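# Commentary on secondary and tertiary structure
Read off the chains here:
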Amino acid sequence: MTRRKIIGASLFFALFGAMATLPPLILLFRFDGFIAGLPVATLFLFGLWVFLVIGAAWFGYVLPRDEPHQPPGEEHR
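My aim in this report is to walk through the structure given alongside it, one point at a time. (Residues numbered from 1 in each chain as written. Predicted model: local features only at pLDDT ≥ 70, side-chain atom pairs only at ≥ 80, totals over all residues. Heavy atoms only, no water.)

### Side note on the overall build of the protein
Per the secondary structure count, the protein includes three helices and two strands. The linear arrangement of helices and strands in the protein, starting from the amino end, is α-α-β-β-α. Taken over C-alpha atoms, the radius of gyration comes to 20 Å for the protein, far larger than the 11 Å a tight globule of 77 residues would show. With the C-alpha coordinates aligned to their principal axes, the bounding extent of the protein is approximately 70 × 25 × 20 Å. Long-range pairs, those at least 24 residues apart, make up 62% of the contacts in the protein between residues at least 6 apart in sequence. A total accessible area of about 6700 Å² is found for the protein, and carbon and sulfur atoms account for 70% of it. Across the protein, the mean location of the 6 positive side-chain charges is 8 Å away from that of the 5 negative side-chain charges. (Helix = DSSP H or I, 4+ residues; strand = E, 2+ residues; numbered from the N terminus. Rg over C-alpha atoms; globule rule 2.2 N^0.38 Å. Contact = heavy atoms within 4.5 Å. Areas by Shrake-Rupley, 256 points an atom, 1.4 Å probe, with all protein chains shown as cover. Lys, Arg positive; Asp, Glu negative; His and termini not counted. Charge placed at Lys NZ, Arg CZ, Asp CG, Glu CD.)

### Re helix α1 (residues 3-20)
Because the α-helix completes a turn every 3.6 residues, residues three or four places apart line up on one side. Look at α1: 26 Å from first C-alpha to last across 18 residues, which is about the 26 Å you get at 1.5 Å a residue. Regarding α1, the residues found buried are Ile6, Phe13, Gly17 and Ala20. Viewed end-on, α1 has its buried residues packed into an arc of 70 degrees, placing them on one side of the element. Across α1 from its buried face, at more than 90 degrees, point the exposed residues Arg4, Leu11, Phe12 and Met19. (Expected span 1.5 Å × (residues − 1). Buried < 20%, exposed > 50% of the residue type's maximum accessible area, 1.4 Å probe, protein only. Arc of directions from axis to C-beta.)

Take a look at the structure:
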């Protein structure tokens, strides 16, 4: 993938994370269900958080580093 596509994907990933925490989606889990003694909404939020942290780490690994701009004729130090 090109750098431009990866940056676009990371922007979409961040917007997805922001949208997933908004009340309309969280209210889908507004019932008294429990999994392993924990409310489903809590598991959703922590699962989303773990997914976003792992995704951000992956994007940080995949994106190439920016090299400072060197004017022509100057050597790399």
